[in-house]
Amino acid sequence: MPPALADDVRTTARDAYGTVPNLLEETNRYTGAPGAVYVAADTALMDGVLSPPEQQIVLITMARYHDSRYDAVVHARMALEAGLSPETIDELLSGDPLSDDRQQALVEATRLSCEERGWLDPDHLRDLEARGVERGALYEIFAFIGLKTFTAFTSHLADPEVDGPLRIVEQSLEHVPDEPDTIERQRLFMG
Amino acid sequence: MSASSPSAPSSTGTTAPNPAVEEVRDLAKDFYGGFVPNQIKVLNEHSPAAARMYIATMDLVEQGELSDREREVVILAISRYNDCHYCTRTHAFLGREAGLSQETIEAVHRGGLPADARLRALVQATRRLLDKRGWLDAEDLEGLEAGGIGRTELYEINTLIGLKTFSNYVNHIAQTEVDDLVRENPDIQDMWPVLGKMDW
């Protein structure tokens, strides 16, 4: 692996997050590419049409969708910093609907896109647009779906410890996702 | 909403160029050798940030441990899994340029496996991760390890799953037109019947 890439990840992560998250430390042991992709994606999407609280709504929805404890704790902390209330975060992690219709539309767009593998039909698109989730927002939701699919799958394999400063957040959460009792294999192709 | 929409109407009723859109177009031209793929145009029209994210991250993932042809076969497996009309064709083209054989690409498109052992193992690992949503157990990991697939490969495959999930979903709803460069390529023309038979 080019060590420079892993070193860049550490430097950028420290600048952006104040620390190198355990998940990126783990991937950096083998390859610098995942960490580099993560921090670059995060930086680019900061300038998107979704506001920071809206981004965290999508990201927590994904953490719950993929049963990723690590992502749930990280984004609960970031959601608090972005101004979401502890009650909203708890509703997102428990799957309860949000009272704000635009926020709930973001949750539904995220879940539906995952369940349909991105095949949203015209009725769904019209409904989301009428509730304020226009095409730019939807594309950014897809970007976050991709990003959190990558980190969730990697967390499932690596089982990283929740980063030290975030343990207090984890303890405060009522609904923290965890590995499901049964893992079903949905097989689409041979091999 | 934090950022501006991609273009803002001026007082004269015309649409003022958005610097973010222009910047992404220039970035794409640099990255793709003067050419702006239709997928980037589609993204840039509605979210320059998402377009920039795609270009920047695909550049970085090329600096990973997987070789060009290994990365392309993984991308083909993901794009076929998600039935993306645009990415299956575009990465068939890029896969040929990276040294994948026509037979390998067609095998992945048909849902089969490449003959080459290393490529076969990478496609199997990709499908296993997607089928089990990342929850590989000890038996899965042992089997993949026996085929030469360790953490390095799995972490890079997961990264590619993330990036291609994003672009596959965009192309579903945008119905992105396949670029002429790809559509008119003789290798892709030869593959068209295979691609055309897919149950999309």
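Residues numbered from 1 in each chain as written. Chains lettered and ligands numbered in written order. Predicted model: local features only at pLDDT ≥ 70, side-chain atom pairs only at ≥ 80, totals over all residues.

Here's the deal with the overall build of chain B
Cut-off, in case you're wondering: Secondary structure counts use DSSP, requiring at least four H or I residues in a row for a helix and at least two E residues in a row for a strand, with both numbered from the N terminus. Working definition of burial: number of other C-beta atoms within 10 Å of the residue's own, with buried at 20 or more, exposed at 12 or fewer, and partly exposed in between, all C-beta atoms being placed from the backbone. What counts as a contact is two residues whose backbone-derived C-beta atoms lie within 7 Å of each other.
Counting secondary structure elements, chain B contains 11 helices and two strands. Element order for chain B, N to C, with α for helix and β for strand: β-β-α-α-α-α-α-α-α-α-α-α-α. Taking all 200 residues of chain B together, the buried fraction comes to 50%. If you take every contact in chain B between residues at least 6 apart in sequence, the share linking residues at least 24 apart comes to 69%.

Examining the domain arrangement of chain A
How big an interface is tends to be stated in terms of accessible area lost as the parts join. Residue and element names in this part refer to chain A. What counts here: Each domain's extent was defined by an automatic or database domain assignment. Polarity classes work like this: nonpolar for Ala, Val, Leu, Ile, Met, Phe, Trp, Tyr, Cys and Pro, charged for Asp, Glu, Lys and Arg, and polar for all others, with Gly in that last group.
Structurally, chain A comprises domain 1 (1-47) and domain 2 (50-172). For domain 1 and domain 2, the distance between their C-alpha centroids amounts to 21 Å. At the level of secondary structure, the elements contributing two or more residues to the side of domain 1 that touches domain 2 comprise α2 (22-28) and α3 (33-45). Its residues assigned to classes, the side of domain 1 that touches domain 2 comprises six nonpolar, three polar and one charged.

Digging into the interface of chain B and chain A
Between chain B and chain A, the residue contacts involve 49 residues of the former and 51 residues of the latter. Broken down by secondary-structure element, the contributors of at least two residues to the side of chain B that touches chain A are α2 (38-46), α3 (48-61), α7 (117-131) and α9 (151-174) of chain B. At 17 residues, α9(B) tops the list of elements feeding residues into the side of chain B that touches chain A. When its residues are assigned to classes, the side of chain B that touches chain A shows 23 nonpolar, 18 polar and eight charged.

Overview of helix α7 (residues 101-115) of chain A
Convention followed: Helix span, as expected, comes to 1.5 Å for every residue beyond the first.
Between its first and last C-alpha atoms α7(A) spans 20 Å; for 15 residues at 1.5 Å apiece the expected length is 21 Å, and the two agree. Among the structural elements, α4 (52-65), α6 (86-94), α8 (122-130) and α9 (135-158) of chain A together with α9 of chain B are those in contact with the buried residues of α7(A). Positive phi appears at A:Arg117, one or two residues downstream of α7(A), with a value of about 50°.

Details of the domain arrangement of chain B
Residue and element names in this part refer to chain B. Split into domains, chain B comes out as domain 1 (19-63) and domain 2 (66-200). Each of domain 1 and domain 2 has a C-alpha centre, and these two points are 21 Å apart. Mapped by element, the contributors of at least two residues to the side of domain 1 that touches domain 2 are α2 and α3. Within the side of domain 1 that touches domain 2, the residues separate by chemical class into seven nonpolar, three polar and no charged.

Some thoughts on helix α5 (residues 85-97) of chain B
Residue and element names in this part refer to chain B. Taking 1.5 Å of rise per residue, 13 residues should cover 18 Å, and α5 covers 19 Å from first to last C-alpha, within 8% of that figure. Counted residue by residue, α5 has 10 buried out of 13 residues, so it is predominantly covered. Of all the residues in α5, the buried ones are Tyr86, Cys87, Thr88, Arg89, Thr90, His91, Ala92, Phe93, Gly95 and Arg96. Directly beyond the C-terminal end of α5, a positive phi value near 105° is found at Gly99.

Side note on the nonpolar core
Inclusion rule: Put simply, a nonpolar core is buried Ala, Val, Leu, Ile, Met, Phe, Trp, Tyr and Cys residues tied into one set by C-beta atoms within 7 Å.
Membership of the largest hydrophobic core comes to 109 residues, with the highest contact counts inside it found for A:Ala41, A:Ile60, A:Phe142, A:Ala143, B:Val73 and B:Val74. Take this core: its biggest share by element is 14 residues, from α9(A). If sequence neighbours within four positions are ignored, A:Phe142 has contacts with A:Ser113, A:Gly118, B:Phe166, B:Tyr169 and B:Val170.

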